[in-house]
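Structure assessment
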Amino acid sequence: MQVAVVTFDGFNELDSFIASALINRCRKNGLEAFITTPTPTVTSMNGVEVTGQRPIEFAAEADVVLIGSGIRTRDVVADDRLISMLPLDPARQLIGSQCSGALVLARLGLLAGMPACTDRTSRPFVEAAGLTVLDAPFHAEGNVATAGGCLASQYLATWVITRALGEDAARAVLDYVAPVGENQETVERALHAIRTGRPALR
């Protein structure tokens, strides 16, 4: 399975890099993520220039599409040409968004009838798009998911790995990357979040 981590100019590094790094720990099991960009290179909100691994057209054929956030997402959703390059289909793809990426899913009509998660800065814009915003880091219905808060990208990646390869694969990845001494807590928090929308509390 191939994952398109859609990354626009002005992107948040935590959103794109955490999700892709966690998912790519499953490459040996056939799950691989690619930074997918509308131009050959994009520059992050902090000035980090990245070369895309796949062009944005790849999103249409990928098995999983994750839409990252950034400081220019409202420009993205206002760009009809750019939006037309994302013919996503939740009937055959897993589709998720991170923070302001919910605006892109809303613009594509993929969040109709479901609430969304986003970050605090993006919340008023997501609500202005007619969506109910949850006070939670993660929410999924069927093949569509949203995550809110930069570090919730771990939950989005956990959802993808669990759906693609099962909970044991997600546990293995989370256990490996967890802070030393917090392995079980990290694993259970993430898995609880994708089951309930809220991380487990100790």
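Attention here is on the structure that accompanies the text. (Residues numbered from 1 in each chain as written. Predicted model: local features only at pLDDT ≥ 70, side-chain atom pairs only at ≥ 80, totals over all residues. Heavy atoms only, no water.)

**Quick look at the sheet that holds strand 5 (residues 54-55)**
As a reminder, the rule being used: Here, any two strands with at least 2 DSSP bridges between them count as paired. Segments assigned H or I by DSSP are reported as helices when at least four residues long, segments assigned E as strands when at least two residues long, and all are numbered from the N terminus. Contact between two residues is taken to exist if any of their heavy atoms lie within 4.5 Å; hydrogens are not considered. Between N-to-C directions, angles cover 0 to 180 degrees, with each direction set by a line fitted to C-alpha atoms, over the stretch in contact for helices.
The strand order across the open sheet formed by seven strands is 5-2-1-6-7-9-8, and the pairing between neighbours is mixed. Where the open sheet ends on each side, the last strands, each with one partner, are strand 5 and strand 8 (138-141). Relative to strand 2 (residues 32-37), strand 1 (residues 2-6) is paired through five bridges, and the arrangement is parallel. Paired with Val5 across the bridge in strand 2 is Ile35. Of the strands in this sheet, strand 1, strand 6 (64-67), strand 7 (94-98), strand 8 and strand 9 (144-147) touch helix 6 (residues 153-165), which is tilted by about 170° from strand 7.

**Quick look at helix 6**
Here is the rule we go by: Given the number of residues in a helix, its expected span is that number minus one, multiplied by 1.5 Å. Using a 1.4 Å probe on the protein chains alone, a residue whose accessible area is under 20% of its type maximum counts as buried, one over 50% counts as exposed, and one in between counts as partly exposed.
Here helix 6 spans 18 Å end to end across 13 residues, near enough to the 18 Å set by a 1.5 Å rise per residue. Regarding helix 6, the residues found buried are Ser153, Tyr155, Leu156, Ala157, Thr158, Trp159, Val160, Ile161 and Thr162. Immediately beyond the C-terminal end of helix 6, within one or two residues, lies Gly166, with a positive phi of roughly 105°.

**Quick look at the environment of Ser153**
In plain terms, the rule: Polar contact is defined as a pair of N or O atoms within 3.5 Å, subject to the rule that within protein one atom must be able to donate a hydrogen and the other to accept it, and that residues adjacent in sequence are counted only when both atoms are side-chain atoms.
Looking at where Ser153 falls in the secondary structure, it is placed in helix 6. Residue Ser153 is classed as buried on the basis of its relative accessible area of 0%. Once the C-alpha coordinates of Ser153 and Gly68 are considered, the two residues, 85 residues apart in sequence, prove to be 9.1 Å apart. In contact with Ser153, other than residues within four places in its own chain, are Leu14, Asp15, Ile18, Ala19 and Gln98. Engagement of the side chain of Ser153 in a polar contact is seen with the backbone oxygen of Cys150, the distance being 2.8 Å.

**Some points on the nonpolar core**
Considering soluble globular proteins, one finds that nonpolar side chains tend to be buried as a cluster. The following threshold applies: Take the buried residues of types Ala, Val, Leu, Ile, Met, Phe, Trp, Tyr and Cys, join any two whose side-chain atoms come within 4.5 Å, and each joined set is a nonpolar core.
Of all hydrophobic cores here, the largest spans 34 residues; its most connected members are Val3, Ile23, Leu66, Phe138, Trp159, Val160 and Ile161. Listed by contribution, the elements that provide at least two residues to this core are strand 1, helix 1 (13-23), strand 2, strand 6, strand 9, helix 6, helix 7 (167-177) and helix 8 (183-196). Tallying contributions element by element places helix 6 first for this core, with six residues. Once you skip the residues sitting within four places of it in the chain, Ile161 turns out to touch Leu22, Ile23, Cys26, Leu31, Gly166, Ala169, Ala170 and Val173.

**Overview of the pairing of strand 8**
Of the strand pairs in this sheet, strand 8 and strand 9 are connected by four bridges, and their pairing is antiparallel. Within strand 9, the residue paired with Ala140 across the bridge is Ala145.

**Section: the environment of Met114**
With respect to the helices and strands, the residue Met114 is situated in the loop between helix 4 (101-107) and helix 5 (123-128). Sequence spacing of Met114 and Leu131 is 17 residues, and the spatial spacing of their C-alpha atoms is 7.6 Å. With sequence-adjacent residues up to four places away left out, Met114 is seen in contact with Leu131, His139, Glu141 and Val144.

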